[in-house]
Structure formats: C-alpha cells, structure tokens
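So you can see what is in the structure, the chains are spelled out below.
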Amino acid sequence: MRVVDAGSLAADACLLINLFATGRVIEVVEALDLRLVTTERARREAGFLQDRDDDGEIVKVPIDHGLLEASRRLQVVELHEADAPALVRAAEHLSDVDAHVAALAIGRGLPLGTDDRYMRRVVSMLDDGVEMVGTFALVRAAADVLSWSRGEIAAVLHSLRERACFIPPRDDPDAAWAKAVIEGAD
Amino acid sequence: MLPTKQLAERLADARRRAGLTQAQLAERVGFGRTTLVAVEKGERRPSDQELVRFAAALEVELHDLVREHASKASASPRFRMAPASRVGRVAAAEQARTVQRLEDFGRWYRDLEAGAEVGRPRGSLAQLDTYRVVGDGGRGSEGEGSLDPASEGEDAADAVRRILGLGDRPALHVREQLEREAGLAVFYLDDMPSGIAGILLWGEELGACVGINARMPRGRRRWSVAHELGHFLRDPERGDVLPDGPMARRDASEVFCDAFAAAFLMPASGVRREFKQRVRAGGGTFPVAELVRVADHYQVSFEAMTRRLQDLALIPGGTLRTLRRRSFQPDRARDALRLDGGREMPHLERFPRRYVTLAFRAFEEERIGEGDLARLLACDRVTARRIYLDARSTTLDDDERLDLDVSEDVLEAK
C-alpha cells in the first residue's frame, strides 16, 4: 500500500478509530490534504476509544468527530440509488456498515482507508483497482511532512496501541517501520 | 451471487418475521402486489436498487438478505409466535425483541460453525428423551397417566447428574459440559428486560439456545440455566420465557422444571450430608449464617437454598417466611460473611467458550472483519480488539507481553 494523493479518502470505522486514537488526526489529514469520506453508520461505529481512570481501570471514551467535521476534513455522505450495484456486491460479503464504505470506494472510485484485513481482501476481490491505505502509512507520511521527531512518532504509535488496541494487518508494509520507531524510542 | 430462489425464500421469510402482508410490503417497496408475489416465488429477481429498498422496508440488514453463505438456523416457527400477553412486567414487544436477540446469537453461532466447517457436538444429554412429552406437553393440563411432574423433575435431575458424572456434589462449572452433552449454548445477555430471567429457543438448525439475564445475581442465573435445561429435556420445541419473579400460573411443565432445577443444583443426598456435617460442626445448631454459607457453597440464591432445606424437611417449613417477616437481608449477610455473590460476569464469560474460540478463529483466518467480531462479542470495536489481543497474549514476569495464538490447532501444529 502506498500513501494516496491529496483528495477524498473513503474511510471505514476501523481507520476512523485509529486516526482519532493518534490524538493528532486533524494534523495528519491536513498535512496530507485529505478529506475523509464516510457514512453515518461507519461514523457511529467509530464511537469509542479507551482510556484508564485514576484507578487504572479501563473506561470507554466517546470520540468527538465534531472538530474534524467542522474543519470539513470529515464528510459524512449518504449512498444513492446509483451506488446500489456496488453496495449489493459488497453486502454479499461484508456487513452493511462496511459494505456502505466499500461501495463508496468501488462505486465512486475513491481510495479506501482501512486496516481491516477482511475488508481489504473483499474489496480487492470485488475491484482490484481500488487503492488502499492503512493507518501506519498515513501516520508515516504525515510525520514526514510535519517533520515529527522520533519521539513524537513513537508517542502517536503508543497512543494507537493504548487507546485503540490497534491490530495492524499482518502484511502491513509499514509495520517494520513502526516497530523500529517504538523500539528506538524505548 | 445468491441464487434467485434462495433470495426469494429469504425475502418471504423476512416479510413474515416482520409481520407484514404481501400488500403491505409491496406498498413500502413501491411494487404492485403481483410483482411482489412473483419475487417471492423466485420468478422475478429484484434489481439491486429494489434489494436496497427491501432491506430498508423490512428493517433488516442487506447483508443478511444477499450473503451467499449462511446457516439455515431459525427458531422454531411455533416459538416465533410469541405469546401476546405480558410475561410478568414485560410487554410482548420487549419479549419479542429479546427473543430476536437470542435468535441472532444462535444464528451467528451456527454461521461460525458453518464457516469453520464444524458441527455442533451432540452428546448423551441430547439423546435423553425419557422425559420428553408430546402433544400438549403438560402445559395447562395433566396428561392421562402422567407421573407427578415434581417427582419426574427430581428423577430427571438425578439422571442428568449421573450422565455428567457429578455425583451429589455441587454442580459448578458445568456450562461446557452442558454444551458438549446437550448442545446447549448459553448466552448471558446484558440487555434483557429486568422482568425476564431466561429464555429457551430451540430449532432443528438452531439447536438449543438459552439466554440468561446477565444482570441477575449468580444464584438466580444458575437457577435459570437449570430451569431451561429442564425444558430442554421435556419440551424444547415449545421454547420458554422464564419471568424474573413469581409466575401467575404454574403448569405441569413449570413444576417439572423447577423441581429439576432444585434437584440438579441442590441434590438431596448431597444437601442432607452437607447439612448434617454443618450441624455437627455447629454443636447441634444451624444458624442463619450457615444457611447463607451453604447457599454460597451450592452457588444458589438464599431463597432457593432455604426452600430446598424446607422441602427436604431439614429445617422448619416456615423458615423463609419467618426470616422475611423479620426483614432478613441475605445480600447484607453475604457481604458481612465476606462471601462473593458473583454478580459481575467478565465480558467473555457471557458467551459459550466454543463460540468465542470460533469467532477468534474466523477473525484470524480473515473470514470475518473487525466489525463482525465486535457484533459477535456484543461490544464496540475497540473493546473487541482488546478482548482479542488479551486472549492471544499473556504478560510475562518482566511485563513483556508474549503473543500466543490460542486458536492454533494443536493437532495441526508443525
């Protein structure tokens, strides 16, 4: 996967959660000049991160999509009748939440942002022309543009793990980079 | 793509479940009725746009209508015609929603099995038909020549204990045994109305699914499981909704199941022995504190234990009534005695262990996505991720985490 060009990126719930977990989602999307396009159901499903309270107990923390929406970097769209063929093909394999986002990518020609291995496999099968990008790639590209220090990158990656329990795809090409950053910062 | 005939069957089935006539659904979708009839007969395949409208009109997931691979599980049609009257404090609509929720879990369980190409184990309890009734099932009237249902319930409990090799000791940690031997999948549901303690659903493809109210105390949960097991042995096709509270009418079936639950959880010979040992240890006395302790020993409610001891004539018949009149509070006594009532269940224990294992395996093998995993585990995505990561890793002494693959098949290990 390579980082996509500036423009719209169909974002599933998985990617939205991960980006918000970085704690620097606005900086990331602005650095890459991206507009995340998603559906209402996917946005709702990207509802919570986790945190720890004063006793160290895990608590759910609602995600506030407002700032990103207000900056027009998150656009929530509805599907139209013209999207139906892509939606139905996707729904043959994916839950409706994911099928709606897949339809945005397949039907409207948008690149797809996701870390969900099953989602990536299905979309590739339905349309191998869909560009796909994951969280690590976006963070790495933004870090490059913003000239983040190794410590800053490590903090973002740590936040991904702690707040979103991020599970990177097994074959993520940037997984080695992420590991090196974290280990180098320890 | 799903064959047109199968799609037609799913659409017709979904319409019936939604309680809609063909005319009503046709109007919602923007069809003429004759067109809908043709669709349901498989003579006309809906367009993609029409399929999306069908899903919206039926308030079902489009995925459930069009996916190719799905098990045939569905609850017994007779049970789907849920009683129109209230169950205790719970309105019929709430009941129906709860039944649907349990049916969803049962169906997902079957789908996981189908995806992994495994069948549900069918052990000896599933073949125990000695206590099955036919016809009316004893609901409302005693059948001719029928045995006393309370005695039958006790007999059935003894038989089940023998099959499970429990002897007369407390029946603890039997959930997996029940699933192996009876194919009974027990789900503890957080969102069950407070007026419902348990539900049994049974269908040819679904198998036996039990839903228990996770918010009840441990003793009540265990009683409910045992009660539904009684129904499974006696009349599974009818299903059951067990109210949390006294029932207005107790027919033969309910008498059987209550007697079964009492004897299964608190077997007579074991209880008598336990009682005598404690009286001996107490110098010939049996204080209320011991009553609380022995209830904890059997992991049943204080009320259930007291009734059992009364029924076995080990304590005076009016003991429970007397204690209630004195406003005795078992929960406070339990706390004072530092006994764990076990109210909070860890999230993963709400599901059959095999169900969880199959879900993790499906996720590992990329047969389901992260959103599916969250749905199967009835939680949000981040919680599902955490549960999955916790299940496949452990923390070593130096706080380093070691990744395991707990779904790895040892038999196929290289």
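Note that this is a predicted model, so its numbers are computed, not measured. (Residues numbered from 1 in each chain as written. Chains lettered and ligands numbered in written order. Predicted model: local features only at pLDDT ≥ 70, side-chain atom pairs only at ≥ 80, totals over all residues. Heavy atoms only, no water.)

**Some remarks on the overall build of chain A**
Here comes step 1: For chain A, the count of helices and strands is 10 helices and seven strands.
Here comes step 2: Taking 16 Å as the expected radius of gyration for a compact globule of 186 residues, we find that chain A reaches 16 Å, a close match to that expectation.
Here comes step 3: Viewed in the frame of its principal axes, chain A has a C-alpha envelope of about 50 × 35 × 30 Å.
Here comes step 4: By the burial criterion, 53% of the 186 residues in chain A qualify as buried.
Here comes step 5: Within chain A, residue pairs in contact and separated by at least 24 positions form 71% of the contacts whose partners lie at least 6 positions apart.
Here comes step 6: Taken as a whole, chain A presents about 8,100 Å² of accessible surface, with 47% of it coming from carbon and sulfur. (Helix = DSSP H or I, 4+ residues; strand = E, 2+ residues; numbered from the N terminus. Rg over C-alpha atoms; globule rule 2.2 N^0.38 Å. Buried < 20%, exposed > 50% of the residue type's maximum accessible area, 1.4 Å probe, protein only. Contact = heavy atoms within 4.5 Å. Areas by Shrake-Rupley, 256 points an atom, 1.4 Å probe, with all protein chains shown as cover.)

**Some remarks on the packing of aromatic side chains**
All names here are of chain B.
Here comes step 1: Applying the stated criterion across every chain yields a total of 19 aromatic pairs over all chains.
Here comes step 2: Aromatic side chains Phe302 and Phe328 sit 5.1 Å apart centroid to centroid with 45 degrees between the ring planes, which places their arrangement in the tilted category. Of the two residues, Phe302 sits in helix H14 (residues 302–311) while Phe328 sits in the loop between helix H15 (319–325) and helix H16 (330–336), which places them 26 residues apart along the sequence.
Here comes step 3: Between Phe363 and Tyr388 the ring centres are 5.0 Å apart and the planes differ by 85 degrees, which places this aromatic pair in the edge-to-face class. Of the two residues, Phe363 sits in helix H17 (residues 353–364) while Tyr388 sits in helix H19 (residues 381–391), which places them 25 residues apart along the sequence. For the residue pair Phe363 and Tyr388, the accessibility class agrees, reading buried in each case.
Here comes step 4: Among the aromatic residues, ring-to-ring pairing joins Phe105, Trp108, Tyr109, Phe187, Phe351 and Tyr355 into one connected group.
Here comes step 5: Between the NZ or CZ atom of Arg132 and the centre of the ring of Phe232, over which it lies, the distance is 6.0 Å. (Phe/Tyr/Trp six-rings, centres within 6.5 Å; stacked < 30°, edge-to-face > 60°. Lys NZ or Arg CZ within 6 Å of the ring centre and 35° of its normal.)

**Comments concerning the confidence of the model for chain B**
Residues and elements named next belong to chain B.
Here comes step 1: When pLDDT is averaged along chain B, the result is 85; 85% of the residues meet or exceed 70.
Here comes step 2: For residues 74–85, every residue scores under 50 in pLDDT, and the model assigns this stretch 30 contacts once sequence neighbours within four places are set aside.
Here comes step 3: Within the model, pLDDT remains below 50 along residues 137–144, and this stretch shows 20 contacts once partners closer than five positions in the same chain are excluded.
Here comes step 4: For this predicted complex, the interface confidence comes out at an ipTM of 0.94, alongside a pTM of 0.88. (pLDDT = per-residue confidence, 0-100.)

**Details of the pairing of strand E4 (residues 240–243) of chain B**
All names here are of chain B.
Here comes step 1: Judged by which residues are buried, E4 turns out to be covered on both faces: Asp240 and Leu242 on one side and Val241 and Pro243 on the other are all buried.
Here comes step 2: Across four bridges, strand E2 (residues 196–203) lies against E4 in antiparallel orientation. Directly across from Ile199, in E4, lies its bridge partner Val241. (Pairing = 2+ DSSP bridges.)

**Details of the packing of helix H1 (residues 4–17) of chain B against helix H3 (residues 33–40) of chain B**
Residues and elements named next belong to chain B.
Here comes step 1: Where H1 contacts H3, the axes come no closer than 8 Å and their chain directions differ by 120 degrees. For the element pair H1 / H3, the angle class is oblique. Across from Ala8, Leu11, Ala12 and Arg15 in H1, the residues of H3 making contact are Leu36, Val39 and Glu40.
Here comes step 2: Class assignment for the residues of the contact of H1 with H3 results in five nonpolar, no polar and two charged. (Axes fitted to C-alpha atoms, helices over the stretch in contact; angles between N-to-C directions. Parallel < 35°, antiparallel > 145°, perpendicular 65-115°, else oblique. Nonpolar A, V, L, I, M, F, W, Y, C, P; charged D, E, K, R; others polar.)

**Re the environment of Arg325(B)**
Residues and elements named next belong to chain B.
Here comes step 1: The topology assignment puts Arg325 in helix H15.
Here comes step 2: Judged by its relative accessible area of 61%, Arg325 is exposed.
Here comes step 3: Each C-alpha atom of the pair Arg325 and Leu166 lies 36 Å from the other, and the pair is 159 residues apart in sequence.

**Notes on the interface of chain B and chain A**
Here comes step 1: At the junction of the two partners, chain B supplies 29 residues and chain A supplies 36 residues.
Here comes step 2: Taken together, both faces of the contact between chain B and chain A bury some 2,900 Å²; the carbon and sulfur share is 52%.
Here comes step 3: Three residues stand out in chain B for area buried against chain A, namely Glu366(B), Arg381(B) and Arg385(B), and they jointly supply 24% of the buried area on that side.
Here comes step 4: If you look at where chain B meets chain A, you find seven salt bridges.
Here comes step 5: Note that Asp48(B) is salt-bridged to Arg89(A), the shortest N-O span being 3.2 Å.
Here comes step 6: Across the contact surface, chain B and chain A share 17 residue pairs in polar contact (both at pLDDT 80 or more).
Here comes step 7: Breaking the side of chain B that touches chain A down by element, the ones donating at least two residues are helix H4 (48–58), helix H5 (62–66), H17, helix H18 (370–376) and H19 of chain B.
Here comes step 8: The dominant element in the side of chain B that touches chain A, judged by the number of residues it contributes, is H19(B), at seven residues.
Here comes step 9: Tallied by class, residues from the side of chain B that touches chain A come to 10 nonpolar, five polar and 14 charged. (Buried area = accessible area lost by both parts, 1.4 Å probe. Salt bridge = Lys/Arg side-chain N within 4 Å of Asp/Glu carboxyl O. Polar contact = N/O pair within 3.5 Å; in protein donor to acceptor, adjacent residues only side chain to side chain.)

**Side note on the state of the cysteines**
Here comes step 1: With the rule as written, the count across this model stands at zero disulfides over all chains.
Here comes step 2: Just so you know, Cys14(A) is unpaired, no disulfide at all, and the nearest cysteine sulfur is the one on Cys165(A), 12 Å from it.
Here comes step 3: The thiol of Cys165(A) is unpaired, and the distance to the nearest cysteine sulfur, on Cys379(B), comes to 11 Å. (Disulfide = S-S within 2.5 Å.)

**Side note on a negative patch on the surface**
Residues and elements named next belong to chain A.
Here comes step 1: Residues Asp51, Asp53, Asp54, Asp55 and Glu57 make up a contiguous surface patch of negative charge.
Here comes step 2: Here Asp51 lies in strand E3 (residues 48–52).
Here comes step 3: Given a relative accessible area of 35%, Asp51 falls into the partly exposed group. (Patch = residues over 30% accessible without salt bridge, like charges linked within 9 Å, V, L, I, M, F, W, Y side chains within 5 Å. Lys, Arg positive; Asp, Glu negative; His and termini not counted. Charge placed at Lys NZ, Arg CZ, Asp CG, Glu CD.)

**Re helix H5 (residues 84–91) of chain A**
An α-helix turns once every 3.6 residues. As a result, residues three or four positions apart point the same way.
Here comes step 1: Counting buried positions along H5(A) yields six of eight residues, so the element is predominantly enclosed.
Here comes step 2: Ala84(A), Ala86(A), Leu87(A), Val88(A), Ala90(A) and Ala91(A) are the residues of H5(A) that are buried.
Here comes step 3: For H5(A), the secondary structure elements touched by its buried residues are helix H6 (96–108) and helix H7 (117–126) of chain A together with H4 and H5 of chain B.

**Quick word on the packing of helix H13 (residues 288–298) of chain B against H14(B)**
All names here are of chain B.
Here comes step 1: In contact at an axis separation of 9 Å, H13 and H14 are set at 105 degrees when each is read in the N-to-C sense. Between H13 and H14, the angle is such that the two are roughly perpendicular. On H14, the residues touching Val288, Leu291, Val292, Val294, Ala295 and Tyr298 of H13 are Phe302, Met305, Thr306 and Leu309.
Here comes step 2: The class makeup of the residues in the contact of H13 with H14 is nine nonpolar, one polar and no charged.

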